[in-house]
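One letter stands for each residue in the lines below.
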Amino acid sequence: MPFEAVATELKFFNEAQASKPYSSRVHITENEIQRWSVLSAQSRTVMFDQIATYLARSFHNSKLSFESCNAIMNDIYGVIISAGESPPALFLEIYLAFDEGEHYHNDRRDEDPALVYTRSRIAQILEGLSSSP
């Protein structure tokens, strides 16, 4: 399956960047997006949804951390907006789920927003995907 090559690169990208703070990371750029679109033999829109779904499943299964998935989603969202595109609906839904984990809600500093908000929202999204035709 062509997307597996992109998933492999995302894993390597994650491993190389995982220990670095977001401001010190190498970020995903338009060049990677173009290359991945060719590599996956998919339109950008389909590929964005595939990447988002892959990251959501990897986070849900604890294979990738919130920080890694969130950073990749932020990078790709930036590329989409910079290209003057609109994010596909599924990508945007998953992006917003990760976004919920970036900040405290109602100044509740005693809870981890990634665990409380992102994890439950990702589970709902994935449940909806597995039950769709």
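Note that the coordinates shown come from a computational prediction; the quantities given were computed from them, not determined experimentally.

K.L.:
Even after reading the chapter, I still don't get the side chain of T53, so can you show me in this structure?
P.N.:
Relative to the helices and strands, T53 is located in helix α3 (residues 44-60). Judged by relative accessible area, T53 falls into the buried class, the value being 10%. From its side chain, T53 meets the backbone oxygen of D49 in a polar contact 2.8 Å long. Residues within four places of T53 in sequence aside, it is in contact with L90, I94 and L129.

K.L.:
Can you help me understand unusual backbone geometry in this one?
P.N.:
Across residues other than glycine, the phi torsion is negative in most instances, and most of the peptide bonds are trans. The phi dihedral of A41 falls on the positive side, at around 55°, and the residue is not glycine. Along the chain, the position of A41 falls in the loop between α2 (30-40) and α3. Positive phi is not limited to glycine here, since S62 has a value of about 60°. According to the relative accessible area criterion, S62 is exposed, its value standing at 57%.

K.L.:
Is there a simple way to explain the packing of aromatic side chains in this structure?
P.N.:
For any pair of aromatic rings, the description rests on two quantities: the centre-to-centre distance and the angle between the ring planes. Within the structure shown, the criterion is met by seven aromatic pairs. Taking 4.2 Å as the distance between ring centres and 10° as the angle between the ring planes, the aromatic pair formed by Y77 and Y95 counts as stacked. One end of the pair, Y77, is in helix α4 (residues 66-82); the other, Y95, is in helix α5 (residues 89-99), and 18 residues separate them in sequence. Judged by its relative accessible area of 12%, Y95 is buried. Looking at R119, its charged tip hangs above the ring of F59, at a distance of 4.1 Å from the centre.

K.L.:
It is not clear to me how the packing of α4 against α5 should be interpreted in this structure. Could you clarify?
P.N.:
For any two helices packed against each other, the geometry comes down to the angle between their axes and how far apart the axes lie. The geometry of α4 relative to α5 is characterised by a closest axis approach of 10 Å and an angle of 130° between their N-to-C directions. As judged from the angle between their axes, α4 and α5 are oblique. Relative to α5, the crossing made by α4 is left-handed. When α4 is examined against α5, the residues F66, C69, N70, M73, N74, I76, Y77 and I80 are found in contact with a partner set consisting of F91, L92, I94, Y95, F98 and D99. Looking at the contact of α4 with α5 residue by residue, the classes come out as 11 nonpolar, two polar and one charged.

Cut-offs and rules
Residues numbered from 1 in each chain as written. Predicted model: local features only at pLDDT ≥ 70, side-chain atom pairs only at ≥ 80, totals over all residues. Heavy atoms only, no water. Helix = DSSP H or I, 4+ residues; strand = E, 2+ residues; numbered from the N terminus. Buried < 20%, exposed > 50% of the residue type's maximum accessible area, 1.4 Å probe, protein only. Polar contact = N/O pair within 3.5 Å; in protein donor to acceptor, adjacent residues only side chain to side chain. Contact = heavy atoms within 4.5 Å. Phe/Tyr/Trp six-rings, centres within 6.5 Å; stacked < 30°, edge-to-face > 60°. Lys NZ or Arg CZ within 6 Å of the ring centre and 35° of its normal. Axes fitted to C-alpha atoms, helices over the stretch in contact; angles between N-to-C directions. Parallel < 35°, antiparallel > 145°, perpendicular 65-115°, else oblique. Left-handed = near helix turned anticlockwise from the far one by under 90°. Nonpolar A, V, L, I, M, F, W, Y, C, P; charged D, E, K, R; others polar.

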